[in-house]
Amino acid sequence: MDTELWSDDPTPSNSRHNSQDGDISELTKDSWEVLPMSEEYRKAFLCSAAPSLDVELTPPDLIGNTEILTYEHRENLCRHLPARAEGYAWTLVFSTSQHGFSLNSMYRKMYKLESPVLLVIEDTDNNVFGALTSCALQVSEHFYGTGESLLFRFSPEFQVYNWTGENLYFIKGNNESLSIGAGDGKFGLWLDGDLYLGRTEMCKTYGNDPLTPSVDFVVKTLECWAFVSS
């Protein structure tokens, strides 16, 4: 069951990138409500986010065409899928090439989808990175998701960032932006409503390094894959 954090929205209405300067409005520690987490709850989700054993896995079939994922990408990623996604075909549910650069279009394509989602981005500098979310992406006034969610990057080497247990800021989306991972006013992965400009910084949710060499990036292609029976 997804866990929703009932707190004040930490993202001000003017937090969207300005195409001229690429800035996001500063968020302060005071704008975050830190809620206590029981030790049992923390351990349970840390266990669910633990990486898979280092064994050979054959990537499942793709239903849909990818412009980003290579066989090596898929081989690395399938080692870190939650148990409920293992063994299922990867089905393309959204692609900027097919459906346009629109966050709202992405939400619509995931309406009523019951599956974790693999969000993969290639930026204009050819960096490949993204997130695995524990559920479909949707508009919400509050953060949602579980510790199955994670961030990843493939450059300079493949790296996965699992939930640290520090907070419950997994996923939050509105019509203007999508945030995955947060803390102290920084987002692990942030995208604007046009799926064009993005930002990635170290955040407490995942303890990640930035997913790209520079903090700000421009999306070249974005794909979302679900895990469903073929």
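Our subject is the structure that appears above.
Described in the following lines is the structure provided in the data block. Residue positions are given per chain, counted from 1 along the sequence in the order it is written. Since the coordinates come from a predicted model, pLDDT governs what is reported: local features require at least 70, and pairs of side-chain atoms require 80 or more to be given and counted, while whole-chain, interface and lining totals use all residues. Hydrogens and water molecules were not included; the side-chain quantities draw on all heavy atoms of the structure.

What follows covers the overall build of the protein. Labels follow the DSSP assignment, with helices taken as runs of H or I lasting at least four residues and strands as runs of E lasting at least two, numbered in each case from the N terminus. For the protein, the helix and strand inventory stands at four helices and 11 strands. Only protein chains enter the area calculation, which uses a 1.4 Å probe; residues under 20% of their type maximum are buried, those over 50% are exposed, and those in between are partly exposed. Across the 230 residues of the protein, 53% fall into the buried class. Here a residue-residue contact requires only that any non-hydrogen atoms of the pair lie within 4.5 Å. In the protein, the share of contacts with a sequence separation of at least 24, taken over all contacts with a separation of at least 6, comes to 65%. Reported accessibility uses the Shrake-Rupley method at a 1.4 Å probe radius. Residues are deemed covered only where the shown protein chains occlude them. Put simply, the protein shows about 11000 Å² of open surface, and 47% of that area lies on carbon and sulfur atoms.

We now examine the nonpolar core. To form a nonpolar core, buried Ala, Val, Leu, Ile, Met, Phe, Trp, Tyr and Cys residues must be joined to one another through side-chain atoms within 4.5 Å. Membership of the largest hydrophobic core comes to 34 residues, with the highest contact counts inside it found for Met106, Ile121, Leu137, Leu178, Leu189, Leu222 and Cys224. Breaking this core down by element, the ones donating at least two residues are β2 (89-95), α4 (103-109), β3 (117-123), β4 (128-133), β8 (177-183), β9 (186-192) and β11 (216-228). Counting residues in hydrophobic clusters, the runner-up holds 18 residues, among them Ile68, Leu132, Phe154 and Trp225.

A few words now on the pairing of strand β6 (residues 159-162). Pairing analysis gives four bridges linking strand β5 (residues 150-153) to β6, with the strands arranged antiparallel. Bridge pairing in β6 links Leu150 to Asn162. Between β5 and the antiparallel strand that follows it, β6, lie five residues. We treat two strands as partners when DSSP finds at least two bridges between them.

Turning our attention to the pattern of salt bridges. In what follows, salt bridge is the name for a side-chain nitrogen of Lys or Arg lying within 4 Å of a carboxyl oxygen of Asp or Glu. Per the stated rule, a full pass over the model turns up five salt bridges. Here Asp216 and Arg199 are joined by a salt bridge, their closest N and O atoms 2.8 Å apart. Placement of Asp216 in strand β11 and of Arg199 in strand β10 (residues 197-199) is noted, with a sequence separation of 17 residues between them. Judged by relative accessible area, which is 31%, Asp216 ranks as partly exposed.

Let's shift gears to the packing of aromatic side chains. Put simply, two rings from Phe, Tyr or Trp (the six-membered ring, in Trp's case) pair if the centres are within 6.5 Å, and we call them stacked under 30 degrees between planes, edge-to-face over 60, tilted for the rest. Throughout the structure, instances matching the rule amount to six aromatic pairs. When the ring of Trp90 is compared with that of Phe227, the centres are 5.7 Å apart and the planes differ by 85°; the resulting orientation is edge-to-face. In this pair, Trp90 is assigned in strand β2 and Phe227 in strand β11, connecting sequence segments 137 residues apart. Assigned by exposure class, Trp90 and Phe227 land together as buried. Centre to centre, the rings of Phe143 and Tyr169 are 4.9 Å apart; their planes meet at 50°, and the pair counts as tilted.

Now for empty space enclosed by the protein. Note on definitions: the grid is 1 Å and covers protein atoms alone; a cavity is a set of points where a 1.4 Å probe fits but cannot get out; a pocket is an open set with protein on both sides within 12 Å along at least five of seven lines; lining residues have an atom within 4 Å of a point. Grid points are joined across faces, edges and corners, and a volume is the space filled by probe spheres set on the points. Evaluated as defined, the whole model comprises one cavity of 30 Å³ or more. When its volume is computed, the largest cavity comes out at roughly 40 Å³. Every residue along the wall of the largest cavity is listed here: Leu77, His80, Leu81, Leu118, Leu132, Leu150 and Phe152. The nonpolar class holds Ala, Val, Leu, Ile, Met, Phe, Trp, Tyr, Cys and Pro. Asp, Glu, Lys and Arg form the charged class, and all remaining residues, Gly among them, are polar. In the lining of the largest cavity, the residues fall into six nonpolar, one polar and no charged.

It is worth spelling out the environment of His99 at this point. Inspection of the secondary structure puts His99 in helix α3 (residues 96-99). Of the residues examined, His99 reaches a relative accessible area of 27% and is grouped as partly exposed. When neighbours within four sequence positions are excluded, His99 is seen to be in contact with Val93, Phe94, Ser105 and Lys109.

Bringing the pairing of β9 into the picture now. It is a general feature of regular strands that their side chains alternate between the two faces of the sheet. Among the seven residues of β9, six are classified as buried, and the element is accordingly described as predominantly covered. By the bridge criterion, six bridges tie β8 to β9 in an arrangement that is antiparallel. Following the sheet pairing, Ile180 is matched in β9 by Leu189. A loop of two residues connects β8 with β9, the two strands running antiparallel in sequence, and Asp184 in this loop sits at a positive phi of about 55°. Between β9 and the antiparallel strand that follows it, β10, lie four residues; Leu195 among them carries a positive phi value of about 50°.

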